[in-house]
Amino acid sequence: MLGFLRIIKYAFQDIGRNIGLSFMTVFILVLMLLSVNVLWAVDVLTGEAVIAVKGQINASLYFVPDATDEGIKEIEEYIDSFPEVLEINLQSREDVLESFKKRHANNVEVLDALKELGDNPFGSTMIIKTREPKDYGKIITALDVPEYDYLIESKSFEGQEGAIEKLQNITSRIERVGFGLSFLFVIISFLIIFNTIRVSIQSQRQEIGIKRLVGANNWFIRGPYLIVAFVYTVLSLALTIGVVFFALKYLDPYLSVVFPNGFSLTNYYKSNIMMLFGSQAISILLLTVFSSLLAMRKQLKI
Amino acid sequence: MIKLSGISKIYPTPLAALRDVNLHINSGEFVSIIGQSGSGKTTLAKLLIAEEKATKGKIEIGGNDITFLGSNNIPYLRRQIGTIFQDFKLLSRKTVHENVSFALEVAGKPNRRIKKIVDEVLEIVGLGTKHKSYPRQLSGGEQQRVAIARSLVHGPKIMIADEPTGNLDTINTEEIIDILKKINEYGTTVLLFTHNREIVNRLKKRVITLDEGQIILDVEQGKYVL
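Computed from a predicted structure; not experimentally measured.

1. Here's the deal with the overall build of chain B
Move 1: Of regular secondary structure, chain B possesses seven helices and ten strands.
Move 2: Taking 2.2 N^0.38 as the reference for a compact globule, 226 residues should give roughly 17 Å; the C-alpha atoms of chain B span a radius of gyration of 17 Å, in line with that estimate.
Move 3: Across the 226 residues that make up chain B, the buried fraction comes to 44%.
Move 4: If you take every contact in chain B between residues at least 6 apart in sequence, the share linking residues at least 24 apart comes to 68%.

What follows is the structure in C-alpha cells.
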C-alpha cells in the first residue's frame, strides 16, 4: 500500500514538474476525442436525416368514387397482412373533399369548378407506409391484380421509386465514407498519441536508468507512467465532455429547425452517455497504457 | 567479500572487454582500479552491479553468486551496493532530498525513518541546507555529494565509485576523495575506478591495474604506474 501511494505521488510530481508536456499530451488527446465525437455526431445526424426523409415517403392508393366500402376494406386487410407494412391511413371521400377544399381555399376558379360538378368527384384515398422504402415496390406489385383494377383509380408511388433508390445509394455511400474516415482517423490519432507518449518516455530514458541503478523494481518505474496515463485519460475525457455539451447547447436550436420531429443531439448524448464516453475512455486508456508500456519496454532492460 | 573467478566479458563486436579476470577483495579494503580508457574498468564496475552479465566466469559478493542474477533480484543487489558515477546520475526533476529519499522509498522504508536517515546523510555530506534544491542548481561537487548521500542511505557494505572525480575540479576532487576515505574508515569496502594519477598516488592503498581487459598489476599500497 505504501509503495502504491508513493507511485501515485511520483505520478503527480511528474505531471506537475513536466507541465508543458503534460498539457500538450492532454491537448492532443482532447483534439482526438473531439474529432471522434464530431464524426460520431455526423453519423448520428446522417442516420436521423435518412429516417426523417424515409418518414416522408409513402404510397397512396386513389380509389374510384364509386368503390364500395367492402372492396376498400378487403384491400386494406390484404395490405395489412404484409409484415413490411407499418401503417395504413384511410381517408374517406368526404375527408379527401375537405382536404381538397382547404388546399384550394384561395383558388376561386377551382372551387367554382368543384361546385359545377355538384357531386363529390373524389374517391377514398389509402396512404400506406412501409418499414423500408424498398418494400413499396413489393406492395404495389401485389396490388397489380385484375380483382382490384376496377376499385383503384391510380397509385402514386411509381414516381418515387427513383428518388428512394437514390436516397439509399447516398445513405450507403455516406456510411462507407464515414466508416473509412473514422478508421483513418483512429489510425492517425493512434500514431500521434503513441509517438507523443513514446517521445515523453524516451526523454526520460536516463531517469529510468538511474531509478534502476538505485534499486527500483520494474513496477516502481512503470507505475507512475501508468498512473499518469490514467490521469491524462480522465482529464482529456472530462474536458471533451465539457466542450461537447457546450457545443451541443448552441447546435441544438439549429437542429430543431432541420428536424421538426424534435430530435436533439444533447438528448442523444445524455441518453447514451455511458456507451459514448465509456467506450472513448476505455479506448484512450488502452491506447495510453499500451503506448507507455511499449515505450518503456526497452528502457527497463537496463 | 568480492571474488571474481575467470571472468570474461566479450561483446558481439567481437571485442573482449575483460579476459579471464581473477580477483579477491576483502571486506573493509579501499581498492583503486586503474587503467586507460578502454582497459575494462567500467565493464568491471557494471558487472559488479549486474548492469552487464559476464560471458564466462563467476562473480561472488558476500558469498552469493551474482553472475547470472535474475532480473527480479537485481534491485535487491543494487540496494546493498552504493554506486557513484562520473555523471552523478541524479534525477533532474527531483530535489536533493527526493533524490536521496527515492533510494529508500523504492525499498519500502517508512516515511519517518526515511526523513531521519536522509537528513543525517545530507548533513554528513554537507548539504543539509540545500535539501530543497534541484540538481541543476548545484555545483558539480555538490551533485556528486548528493550521489554519495544517496549511495549511503542503505548503509552499504560496498561502495563502487566509477570515475567519481572525472567532472570535478581539484578542490571538489579532494573533498570527494576525503568523503570516500571516511566511508571506508567506517568499514565500507570502497572500489575506486579511476585514471587520476594524483589521487591514486596520494591514497597509498591497494592498486589494481587493468590493461586490455586483463589485470597486469595488483599491488598493496601501490602507485599509478601506467
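What follows picks up the thread again.
2. Digging into the confidence of the model for chain B
Move 1: Per-residue confidence for chain B gives a mean pLDDT of 91, with 100% of residues at or over 70.
Move 2: Interface scoring of the predicted complex returns ipTM 0.82; its pTM is 0.72.

3. Observations regarding the interface of chain B and chain A
Move 1: In this complex, chain B contributes 15 residues to the contact, which on the side of chain A involves 14 residues.
Move 2: For the side of chain B that touches chain A, the elements supplying multiple residues, two or more each, are helix H2 (74-78) and helix H3 (96-105) of chain B.
Move 3: Counting residues per element, the side of chain B that touches chain A draws most heavily on H3 of chain B, at three residues.
Move 4: Residue classes in the side of chain B that touches chain A are distributed as six nonpolar, two polar and seven charged.

4. Regarding the sheet that holds strand E8 (residues 189-194) of chain B
Where strands meet in a sheet, backbone hydrogen bonds hold them as pairs that are either parallel or antiparallel.
Residue and element names in this part refer to chain B.
Move 1: Here six strands make up an open sheet; going across it, the order is E6-E7-E8-E3-E9-E10 and the pairing mixed. The strands lining the two open edges of the sheet, one partner per strand, are strand E6 (81-85) and strand E10 (214-219). Sheet twist, expressed as the average angle between the axes of neighbouring strands with direction ignored, equals 15°.
Move 2: Inspection of the sheet shows strand E7 (residues 158-162) paired to E8 by five bridges, in the parallel sense. Bridging from a neighbouring strand, Ile-160 pairs with Leu-191 of E8.
Move 3: The sheet strands contacting helix H5 (residues 140-152) are E6 and E7, and the helix crosses E6 at an angle near 170°.
Move 4: Helix-sheet contacts for helix H6 (residues 170-185) involve strand E3 (30-34), E7 and E8, and the interaxial angle to E8 is about 150°.

5. A look at the packing of H3 of chain B against H5 of chain B
Residue and element names in this part refer to chain B.
Move 1: With their axes 8 Å apart at the nearest point, H3 and H5 run at an angle of 30° to one another. In terms of orientation, H3 lies roughly parallel with respect to H5. In this structure, H3 meets H5 at a crossing whose hand is right-handed. Packed against H3, whose contacting residues are Val-96, Asn-99, Val-100 and Ala-103, the element H5 presents Val-146, Ala-149 and Arg-150 at the interface.
Move 2: For the contact of H3 with H5, the residue count by class is five nonpolar, one polar and one charged.

6. Let's talk about the sheet that holds strand E2 (residues 15-25) of chain B
Residue and element names in this part refer to chain B.
Move 1: Strand order in the open sheet formed by four strands is E2-E1-E4-E5, and the pairing between neighbours is antiparallel. In the strand order of this sheet, the two ends are held by E2 and strand E5 (64-65), each with one partner.
Move 2: In this sheet, strand E4 (residues 56-61) lies alongside strand E1 (residues 2-11) in antiparallel orientation, the contact comprising five bridges. Residue pairing in the sheet places Leu-4 in a bridge with Ile-59 of E4.

7. A few points about the environment of Val-200 of chain B
Residues and elements named next belong to chain B.
Move 1: For Val-200, the position within the fold is in helix H7 (residues 197-203).
Move 2: For the pair Val-200 and Gly-57, spaced 143 residues apart in the sequence, the C-alpha separation amounts to 28 Å.
Move 3: In this structure, Val-200 is in contact with Ser-32, Ile-34, Thr-194, Val-207, Lys-223 and Tyr-224, ignoring residues within four places of it in sequence.

8. Thoughts on helix H2 (residues 19-56) of chain A
Move 1: Given a rise of 1.5 Å per residue, 38 residues ought to cover 56 Å, and the 54 Å separating the end C-alpha atoms of H2 of chain A matches this to within 8%.
Move 2: Residues of H2 of chain A that are buried include every one of Thr-25, Leu-29, Met-32, Leu-33, Val-36, Asn-37 and Trp-40 of chain A, and no others.

9. Points about the nonpolar core
Move 1: Judged by nonpolar contacts, the single largest core of 73 residues is most densely connected at Ile-33, Val-100, Val-121, Ala-149, Ile-160, Ala-161 and Leu-191 of chain B.
Move 2: Here Ala-161 of chain B is in contact with Ile-84, Leu-180, Val-190, Leu-191, Leu-192 and Phe-193 of chain B, once residues within four sequence places are set aside.
Move 3: Ranked by size, the runner-up nonpolar core spans 18 residues in total, among them Trp-40, Ile-201, Leu-287 and Ala-295 of chain A.

Conventions and cut-offs
Sequence order as written defines residue numbering, which begins from 1 separately in each chain. For naming, the first written chain is A and the first written ligand is 1, with later ones following in the order written. Local features in this predicted model are restricted to residues of pLDDT 70 or higher, and side-chain atom pairs are both shown and tallied only at a pLDDT of 80 or more, whereas totals for entire chains, interfaces and linings draw on every residue. Secondary structure elements are defined from DSSP: runs of H or I of at least 4 residues count as helices, runs of E of at least 2 residues count as strands, and each element is numbered from the N terminus. Both definitions apply: the radius of gyration is a C-alpha atom measure, and the globule rule equals 2.2 Å times residues to the power 0.38. Three classes are used. A residue is buried when 20 or more other C-beta atoms lie within 10 Å of its own, exposed when 12 or fewer do, and partly exposed in between, with C-beta atoms placed from the backbone. Any residue pair is listed as a contact if its two C-beta atoms, each placed from the backbone, are within 7 Å. Scored between 0 and 100, pLDDT is the confidence that the predictor attaches to each residue. Each residue is assigned to one of three groups, with Ala, Val, Leu, Ile, Met, Phe, Trp, Tyr, Cys and Pro labelled nonpolar, Asp, Glu, Lys and Arg labelled charged, and all others, Gly among them, labelled polar. The criterion for strand pairing is that DSSP finds at least two bridges linking the strands in question. To get an axis, a line is fitted to the C-alpha atoms, and for a helix only the part in contact is used. The angle between two axes follows their N-to-C directions and goes from 0 to 180 degrees. An angle counts as roughly parallel when it lies under 35 degrees, as roughly antiparallel when it exceeds 145, as roughly perpendicular when it falls between 65 and 115, and as oblique in every other case. Crossings are classed by handedness, with left-handed meaning an anticlockwise turn of the near helix from the far one by less than a right angle and right-handed meaning a clockwise turn. Every helix has an expected span of 1.5 Å times one less than the residues it contains. The term nonpolar core means buried Ala, Val, Leu, Ile, Met, Phe, Trp, Tyr and Cys residues held together as one set by C-beta atoms within 7 Å.

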